[in-house]
Amino acid sequence: MRTLKLKEGIIYGPVSSRRLGSSLGVNLMPGSYKLCTFNCLYCHFGWTKVHSRDVSSCLADFPSVEQVREALEGWLSRNPNGVDYVTFSGNGEPCLHPEFDKMVEVVLQARDKYAPKAKVTILSNSTCLDDERVMSGLRRLDVRIMKLDAGSEETFQTLNRPCTTIQFQAVIENLKKLDEIIIQSVFVQGRVDNTEEGEVGQWIQRLSSIKPREVQIYSIDRPSADQGLDLVSKDRLNQIAKKAEKLCGFPVKVF
Ligand code: SF4
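So, how was this worked out
Residues numbered from 1 in each chain as written. Predicted model: local features only at pLDDT ≥ 70, side-chain atom pairs only at ≥ 80, totals over all residues. Heavy atoms only, no water. Helix = DSSP H or I, 4+ residues; strand = E, 2+ residues; numbered from the N terminus. Buried < 20%, exposed > 50% of the residue type's maximum accessible area, 1.4 Å probe, protein only. Contact = heavy atoms within 4.5 Å. Disulfide = S-S within 2.5 Å. Near = heavy atom within 4 Å. Nonpolar A, V, L, I, M, F, W, Y, C, P; charged D, E, K, R; others polar. Phe/Tyr/Trp six-rings, centres within 6.5 Å; stacked < 30°, edge-to-face > 60°. Pairing = 2+ DSSP bridges. Axes fitted to C-alpha atoms, helices over the stretch in contact; angles between N-to-C directions. Arc of directions from axis to C-beta. Left-handed = near helix turned anticlockwise from the far one by under 90°.

A. Molecular detail of the overall build of the chain. Broken down by element type, the chain carries 7 helices and 12 strands. In terms of overall dimensions, the chain has a C-alpha envelope of 50 × 35 × 35 Å along the principal axes. Put simply, the chain has 255 residues, and 54% of those count as buried. Once local pairs closer than 6 in sequence are excluded, the contacts in the chain between residues at least 24 apart make up 74%.

Here is the structure:
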């Protein structure tokens, strides 16, 4: 099975999302390749082409603040109140854009002007939180959906395959500094299995220390970069959710 095509433009969708309803995507990453600090085995865009926290070689490929403003205002003015969410997502990790905080500003302004009922959210892999400008942008969003798939360093390395400058413990510590986040976690079996009891136990311990307002878990439902992964059954996801909810006390939802 082929992985999905990259998003060529800045605005895409709206897509009908299991978690967000009608969601208009804003892609801050280059249109012709995936740029990410991770190279997740399950990524539906295939393998990461530029796998780095250092984006200096990509500067000419990012959309500008004015291009994003123009594209989003154009779409929203033609489709007033046509979406439930405006979502930073796309061809990699949105927080890698060197002007992420300014992007948040223009997206919030466009939303206020043309679609005041829509919420602005992000799907982030949680790896750029040591940058204060990223943190200040994230804190202004209505909803922050942050990735945490692993409970252990070993699973972090084999499933998410971070670039060398990203440390698992630092990701956890930085997540603790953000209030009211939603953690999203992908569970897989096969070549890597993060559903084993020991791994799930460590993941629950991490969640307890981060204290999100909610956790959303799901398994792969689209083609993955690595073909050796298996879908996790709804029964197993429900067991994991029940255990986490009991031990942590916050809602854990299965999608
Ligand atoms: S963090 Fe997201 S975009 Fe990056 S490799 Fe993982 S699934 Fe793909």
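Back to the write-up after that little detour.
B. A look at the state of the cysteines. Evaluated as defined, the whole model comprises 0 disulfides. Cysteine Cys163 shares no disulfide, and the gap to the nearest cysteine sulfur, in Cys36, comes to 8.3 Å. Among the residues examined, Cys163 registers a relative accessible area of 7% and is labelled buried.

C. Quick peek at the site of the ligand. In the region of the ligand, the neighbouring residues are Lys34, Cys36, Phe38, Asn39, Cys40, Tyr42, Cys43, Thr48, Gly92, Asn125 and Lys147. A per-class count over the shell around the ligand returns 5 nonpolar, 4 polar and 2 charged.

D. How the structure looks around the packing of aromatic side chains. Overall, the coordinates contain 4 aromatic pairs when judged by the stated rule. With 4.9 Å between their ring centres and 40° between their planes, Phe156 and Phe168 make a pair best called tilted. Here Phe156, found in helix 4 (residues 153–160), pairs with Phe168, found in helix 5 (residues 168–175); they are 12 residues apart in sequence, far enough to count as distant. When its relative accessible area of 2% is taken as the criterion, Phe168 is described as buried.

E. Structural detail: the sheet that holds strand 7 (residues 143–147). The 8 strands are arranged 1-2-5-6-7-8-10-12 in an open sheet whose pairing can be described as mixed. In this open sheet, the two edge strands, each paired with only one partner strand, are strand 1 (11–17) and strand 12 (252–254). Here the strands of the sheet are splayed against their neighbours by 25° on average, with no regard to which way each runs. As paired strands, strand 8 (residues 182–187) and strand 10 (residues 214–219) are joined by 6 bridges and run parallel to one another. Following the sheet pairing, Gln184 is matched in strand 10 by Gln216. On the sheet, helix 1 (residues 65–78) packs against strand 1, strand 2 (21–27) and strand 5 (85–89) and is oriented at approximately 50° with respect to strand 1.

F. Broad picture of helix 4. For helix 4, the set of buried residues is Thr155, Phe156, Leu159 and Asn160. Within helix 4, the buried residues cover an arc of 105° as seen down the axis, which keeps them to one side. Buried residues belonging to helix 4 abut strand 7, helix 5, strand 8 and helix 6 (197–210). A positive backbone phi angle near 45° is found at Arg161, which sits one or two residues after helix 4.

G. Summary view of the packing of helix 5 against helix 6. Close contact between helix 5 and helix 6 brings their axes to 8 Å; oriented N to C, the two are set at 35°. By crossing handedness, the relation of helix 5 to helix 6 is classed as right-handed. Of the residues in helix 6, those in contact with Phe168, Gln169, Ile172 and Leu175 of helix 5 are Arg206, Ser209 and Ile210. Of the residues contributing to the contact of helix 5 with helix 6, the split by class is 4 nonpolar, 2 polar and 1 charged.

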